[in-house]
Amino acid sequence: MSNSRDTQLLLGPHGCHTDAVLTGDVADKRAHAVASAMGTILLAEAVGAPSVRLQVGCPDFARWLTWWGSTASWSDNVTDFFVHMKPVLRAAADTGVQVLLEPHPKQIVYDRESAELLLDAAAAWGDLLRLCIDPANLAAIGHDPVDAVAGWGKRMAAVHAKDLQRWAGRGRPPGRGWSRYGPQPAIRFRALGHGELDWSRIVSTLIDEGFNGVLYLEHEDTLLPREQSIRQGLATIRSLLPDGVAEGRTW
């Protein structure tokens, strides 16, 4: 199960950016997020889904930076996360449903360092909090998409599969689907095989690491019809996964 919209009101932002989800003050928006997260968890329990993927927003993006004379840091965002996430985590613990966070520029976990910081602080919750990694999201802000799925062990429960194009030209790129994840050049997501990510290496890394979670397709291609994009993406993934026991080198 997944909730990427309503639960972002848990940590914010709580101003006009999120009024399209719910108008009201911070308390109203946060209460809506908690209720939505708990509802997602209860639905997962009802249908037998082992986990929920929640996007919970971020209290203060300025904590990316250090300010002269200030002791504020990204760890303050992590502290806020556990203050407001506690009832959601208790509900997840009561139902046996795991909570997955996805590193993304609009989230409290946006790269490996921020994800490790939060998961280290979550030690008291055991394996309740884990990650859903999208290599294209991390590649969009300059990280190595292969390294993005490596070294997590049991902390990573799911992986998104989609491709990425990065604009290297001048000005605004032509065509649909382009966006910016920050001050770097524009990007757009494509169906597998229509971008620049090396999914053969990504899948091989997952196999080498003994990943036994869920690898699933995410459709965000604005140029291809949905069915065509999904069909081609699934064909690509299936061609990269072993369909039996590998016999090793033949002579």
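Criteria and cut-off values
- Residues numbered from 1 in each chain as written.
- Predicted model: local features only at pLDDT ≥ 70, side-chain atom pairs only at ≥ 80, totals over all residues.
- Heavy atoms only, no water.
- Axes fitted to C-alpha atoms, helices over the stretch in contact; angles between N-to-C directions.
- Helix = DSSP H or I, 4+ residues; strand = E, 2+ residues; numbered from the N terminus.
- Parallel < 35°, antiparallel > 145°, perpendicular 65-115°, else oblique.
- Contact = heavy atoms within 4.5 Å.
- Nonpolar A, V, L, I, M, F, W, Y, C, P; charged D, E, K, R; others polar.
- Disulfide = S-S within 2.5 Å.
- Pairing = 2+ DSSP bridges.
- Buried < 20%, exposed > 50% of the residue type's maximum accessible area, 1.4 Å probe, protein only.
- Polar contact = N/O pair within 3.5 Å; in protein donor to acceptor, adjacent residues only side chain to side chain.
- Phe/Tyr/Trp six-rings, centres within 6.5 Å; stacked < 30°, edge-to-face > 60°.
- Lys, Arg positive; Asp, Glu negative; His and termini not counted.
- Salt bridge = Lys/Arg side-chain N within 4 Å of Asp/Glu carboxyl O.
- pLDDT = per-residue confidence, 0-100.
- Left-handed = near helix turned anticlockwise from the far one by under 90°.
- Expected span 1.5 Å × (residues − 1).
- Arc of directions from axis to C-beta.

Novice: Give a detailed account of the packing of helix 1 (residues 26-47) against helix 2 (residues 74-95), specifying residues and quantitative values.
Specialist: Across the interface, helix 1 lies against helix 2 with an axial gap of 10 Å and an inter-helix angle of 10°. One finds that helix 1 runs roughly parallel with respect to helix 2. Contacts between helix 1 and helix 2 pair R30, V34, A37, M38, I41, L42 and E45 from the former with H84, P87, V88, A91, A92 and T95 from the latter. Considering only residue class, the contact of helix 1 with helix 2 consists of nine nonpolar, two polar and two charged.

Novice: If you had to explain the state of the cysteines to someone new, which residues and values would you point to?
Specialist: For the structure shown, the criterion picks out zero disulfides. Here C58 is not disulfide-linked; the sulfur of C16 is the nearest cysteine sulfur, at 16 Å.

Novice: Talk me through the sheet that holds strand 2 (residues 51-54); I want residue IDs and the actual numbers.
Specialist: Pairing within the open sheet is parallel, and its six strands lie in the order 1-2-3-4-5-8. Looking along the sheet, the strands with just one partner apiece sit at the ends: strand 1 (2-3) and strand 8 (214-217). The pairing of strand 1 with strand 2 spans two bridges and is parallel. Bridge pairing links S2 to R53 in strand 2. Here helix 1 sits on the sheet in contact with strand 1 and strand 2, set at roughly 155° to strand 2.

Novice: Please give an account of the side chain of N3 that cites residues and values.
Specialist: In this structure, N3 sits in strand 1. A residue is classified by how much of its surface remains accessible, and N3, at 11% relative accessible area, is buried. Engagement of the side chain of N3 in a polar contact is seen with the side chain of T40, the distance being 3.3 Å. The residues touching N3, leaving out its near neighbours within four places in the chain, are S36, T40, R53, L54 and Q55.

Novice: Pulling in residues and values, what's your account of the packing of aromatic side chains?
Specialist: According to the stated counting rule, one finds seven aromatic pairs in the structure shown. An aromatic cluster is built from F61, W64, W74 and Y110, whose rings are joined through pairwise contacts.

Novice: So what about the side chain of R188? Which residues, and what values?
Specialist: Locating R188 in the fold gives a position in strand 7 (residues 187-190). One buried charged residue, R188, forms no salt bridge at all, with the nearest opposite charge on D221 at 7.1 Å. Of the polar contacts made by the side chain of R188, one reaches the side chain of Q165; its length is 2.6 Å. Looking at R188, its side chain comes within polar contact range of the main-chain oxygen of R176, at 2.8 Å. When neighbours within four sequence positions are excluded, R188 is seen to be in contact with D163, L164, Q165, P174, G175, R176, G177, W178 and L223.

Novice: A description of the confidence of the model for the chain should follow, citing residues and the corresponding values.
Specialist: Mean pLDDT for the chain: 94, with 99% of residues reaching 70 or above. Mean pLDDT in the chain bottoms out at strand 8, which sits at 94, and peaks at strand 3 (residues 98-101), which reaches 98.

Novice: Tell me about the packing of helix 2 against helix 3 (residues 112-121), and please be specific about residues and values.
Specialist: With their axes 10 Å apart at the nearest point, helix 2 and helix 3 run at an angle of 45° to one another. By the angle between their directions, the pair helix 2 and helix 3 is classed as oblique. Classified by chirality, the crossing of helix 3 by helix 2 is right-handed. Here W74, S75, V78, F81 and F82 of helix 2 come into contact with helix 3, specifically with S114, L117, L118 and A121.

Novice: Can you lay out the environment of G96 for me, pointing to particular residues and giving the numbers?
Specialist: By secondary structure assignment, the location of G96 is in the loop between helix 2 and strand 3. Separated by 125 residues in the primary sequence, G96 and D221 have C-alpha atoms spaced 34 Å apart.

Novice: Describe helix 6 (residues 226-240), and please don't skip the residues or the numbers.
Specialist: For helix 6, which comprises 15 residues, the first-to-last C-alpha distance of 21 Å matches the rise-based estimate of 21 Å (1.5 Å per residue) to within 8%. Taken together, the buried positions of helix 6 are S229, G233 and I237. Taken down its axis, helix 6 places every buried residue within 60° of arc, on the same side. Turned more than 90 degrees away from the buried face of helix 6, the exposed residues are E227, R231, R238 and S239. In this fold, the buried residues of helix 6 make contact with strand 5 (156-161) and strand 8.

Novice: How would you sum up the environment of A140? Please name residues and give values.
Specialist: Mapping A140 onto the fold places it in the loop between helix 4 (135-139) and strand 5. For the pair A140 and G182, spaced 42 residues apart in sequence, the C-alpha separation works out to 9.2 Å. Setting aside residues no more than four positions away along its own chain, A140 makes contact with L164, Y181, Q184 and I187.

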